[in-house]
Amino acid sequence: MEFVVKSASPETLKTATLVVAVAEGRVLSDAAKSLDTLSGGAIAAVLKRGDLAGKVGQSLLLHNLPHLKAERVLLVGVGKDNELSDRQFRKVVAGVLSVLKGLGGSDAVLAFDGLVVKNRDAYGKARLLVETLADGEYVFDRFKSQKAEPRALKKITLLTSTTTQADTERAATHAADIATGMAFTRDLGNLPPNICHPSYLAEEAKSLGKEHKNLKVEIHDEKKLKELGMGAFLAVSIGSEQPPRLIVMNYQGGKKADKPFVLVGKGITFDTGGISIKPAAGMDEMKFDMCGAASVFGTLRAVLELQLPINLVCLLACAENMPSGSATRPGDIVSTMSGQTVEILNTDAEGRLVLCDTLTYAERFKPQAVIDIATLTGACVVALGGHTSGLMGNNDELIGQLLDAGKQADDRAWQLPLFDEYQEQLDSPFADIANIGGPKGGTITAGCFLSRFAKAYNWAHLDIAGTAWLSGKDKGATGRPVPLLTQYLLDRAGV
């Protein structure tokens, strides 16, 4: 999809579909008023008949209005408030896209410049608009015998004023690149686990490295993990025939002396739970347990598209968690790269085991900040549902930056505490730490576990178990939290 920004009067543009807003109470936007005047009151007459109430997301398609260059005019309802919320605005945009997908025209013009979205300037509104449109175009039909029919719609023009044109153009560029990253994340998440295993992800990283000269890629295999002393990481993969991989991708977009930001992604490409096996119902969705790693891939892809002037290291901890005669047992004790020992009480608490060694490995980069992203706990879904990611960390400034980025990107997170009292739940009579802390505060105790391996730097943990994918008829990866992470990096880059 091509996105174009223009400063022009809507009635002067020749297009297959011109989209204008109508509020409840038959209130026309400025663009709709000018079209109504030019067409001899045709729009007002339609509204007077009650064909469109103007509620959020409602739409009405008009054909052959007199004296207009547009072939069709799509009226879309925006409610009765003077300001739309992010959610309402997304609903309006999604409704428009749904109609446009069913039409034969190759282009459309959106005259939404006059719409007000709460707490958003021209840049923020356009970012949300283009991200919603671009993400709404996503299709995953790789394994379908019959592919989706190619859509006629190829270009969308956003109308804006001359004073906001530069901000709108910048927003459209950022949004399109973020959507590219989200699509990459969704593709990886949606792949079946017999194809998308640790070695496959390693090959994807190598391919990305070949495409970009300022991206260096290293792949650490099982032998290297043993040399590094990553006993917790290896305890997860030991039951599977698929070998583990620690993927290191080093992007140099800033000055050589600039300390990098580090993103760490949990990449469990299939999670049976190991010996502590999960129930069969819904286990197919455990292919999504690598969505943390997929979101790091997607964020890196967006950064590469944007060529941000920062240094970024991406570490993907990739393994498959399977039950077998060689699998780790509940009660086993392993040594981590940090030297701490862990008693594994539940082999289904495996994400923290691959992450803890990877967090120790991150120290060598002397990072400005480290953020790990993981579908870590079902408890986070219970606490926050599917709308909000859980956030914890050891640095208030970093936490605040991520919370702000989530608000700006409409990809929100919510901070949970890491009080010392929760750490006591991880006490073990046989090792330095247990890998679970019991049923109470499961998301928090998982964060407490990771915090013991992240003391050397500013660190934050995003639990995306509720936000990384959808279940049911719309089952599939969402591409979150790529918008949040990319916004955080955009803010650090100051672009």
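Keep in mind that what you see is a predicted model, and the values were worked out from it rather than measured.

1. Some details on helix α4 (residues 122-136)
The end-to-end C-alpha separation of α4 is 21 Å, in line with the 21 Å expected for 15 residues at 1.5 Å each. Of all 15 residues in α4, 12 are buried, a share of seventy percent or more. Turning to α4, its buried residues number three or more, namely Y123, G124, K125, A126, R127, L128, L129, V130, E131, T132, L133 and A134. For α4, the capping residue at the N-terminal end is D121, with a side-chain oxygen 3.3 Å from the backbone nitrogen of Y123.

2. Some details on unusual backbone geometry
The omega torsion of the bond from R480 to P481 falls at 5°, within 30 degrees of zero and hence cis. Mapped onto the fold, P481 is located in the loop between β20 (476-477) and α15 (482-493). Of note in the backbone geometry, N64 takes a positive phi value of approximately 55° without being a glycine. Of note in this structure, H67 is not a glycine but carries a positive phi near 70°. Along the chain, H67 turns up in the loop between β4 (59-63) and β5 (72-77).

3. Thoughts on the sheet that holds strand β14 (residues 369-374)
Spatially, the eight strands line up as an open sheet ordered β8-β9-β11-β10-β14-β18-β15-β16, and their pairing is mixed. The sheet is open, and its two borders are formed by β8 (215-220) and β16 (413-415), each paired with just one other strand. The mean angle between the axes of side-by-side strands here comes to 20°, regardless of whether they run parallel or antiparallel. Pairing of strand β10 (residues 261-271) with β14, which is carried by five bridges, proceeds in the parallel orientation. Directly across from G265, in β14, lies its bridge partner I373.

4. What to know about the packing of aromatic side chains
Here the structure, examined in full by the defined rule, presents seven aromatic pairs. Here Y361 and F365 contribute two aromatic rings whose centre-to-centre distance is 5.9 Å and whose plane-to-plane angle is 65°, an arrangement assigned as edge-to-face. Residue Y361 shares its accessibility class with F365, and that shared class is buried. Taking the ring centre of F184 as reference, the NZ or CZ of R301 above it sits at 5.2 Å.

5. Thoughts on the side chain of R480
Turning to its location among the elements, R480 is positioned in the loop between β20 and α15. By relative accessible area, R480 is classed as buried at 17%. Among the polar contacts listed, one links the side chain of R480 to the side chain of D411, at a separation of 2.6 Å. Sequence-distant contacts of R480, defined by excluding residues within four places in its chain, comprise S295, G386, H387, T388, S389, D411, R412, I464, T467 and A468.

6. With respect to the side chain of N435
Tracing the backbone shows N435 in the loop between β17 (433-434) and α14 (442-451). In this structure the side chain of N435 is engaged in a polar contact, spanning 2.8 Å, whose partner is the backbone nitrogen of L345. Filtering out sequence-adjacent residues up to four positions away, N435 remains in contact with V342, E343, I344, L345, N346, A349, R352, L353 and F449.

7. A word on the sheet that holds strand β13 (residues 341-343)
Adjacent strands of a sheet pair through backbone hydrogen bonds, lying either parallel or antiparallel. A sheet is described by the order of its strands in space; here three strands give the open sequence β12-β13-β17, paired in mixed fashion. Unpaired on one side and paired on the other, β12 (333-335) and β17 mark the two borders of the sheet. In terms of strand pairing, β13 meets β17 through two bridges, oriented parallel. By the bridge assignment for β17, E343 is matched with A434.

8. A few points about the pattern of salt bridges
When their charged atoms lie close together, side chains carrying opposite charge are able to pair. Under the defined criterion, the tally for this structure stands at 18 salt bridges. The partner of R49 in a salt bridge is D51, with the nearest N and O atoms 3.2 Å apart. On the basis of relative accessible area, R49 is assigned to the exposed category, the value being 57%. The class for D51 is partly exposed, based on a relative accessible area of 40%.

9. Observations regarding the environment of I433
Position of I433 among the secondary structure elements: in strand β17. In this structure I433 comes out as buried when scored by relative accessible area, which is 0%. Between the C-alpha atoms of I433 and Q340, which are 93 residues apart in sequence, the distance is 7.7 Å. Excluding its chain neighbours within four sequence positions, the residues that come into contact with I433 are T341, V342, E343, L426, S428, F449 and R452.

Basis of the calculations
Residues numbered from 1 in each chain as written. Predicted model: local features only at pLDDT ≥ 70, side-chain atom pairs only at ≥ 80, totals over all residues. Heavy atoms only, no water. Helix = DSSP H or I, 4+ residues; strand = E, 2+ residues; numbered from the N terminus. Expected span 1.5 Å × (residues − 1). Buried < 20%, exposed > 50% of the residue type's maximum accessible area, 1.4 Å probe, protein only. Polar contact = N/O pair within 3.5 Å; in protein donor to acceptor, adjacent residues only side chain to side chain. Pairing = 2+ DSSP bridges. Axes fitted to C-alpha atoms, helices over the stretch in contact; angles between N-to-C directions. Phe/Tyr/Trp six-rings, centres within 6.5 Å; stacked < 30°, edge-to-face > 60°. Lys NZ or Arg CZ within 6 Å of the ring centre and 35° of its normal. Contact = heavy atoms within 4.5 Å. Salt bridge = Lys/Arg side-chain N within 4 Å of Asp/Glu carboxyl O.

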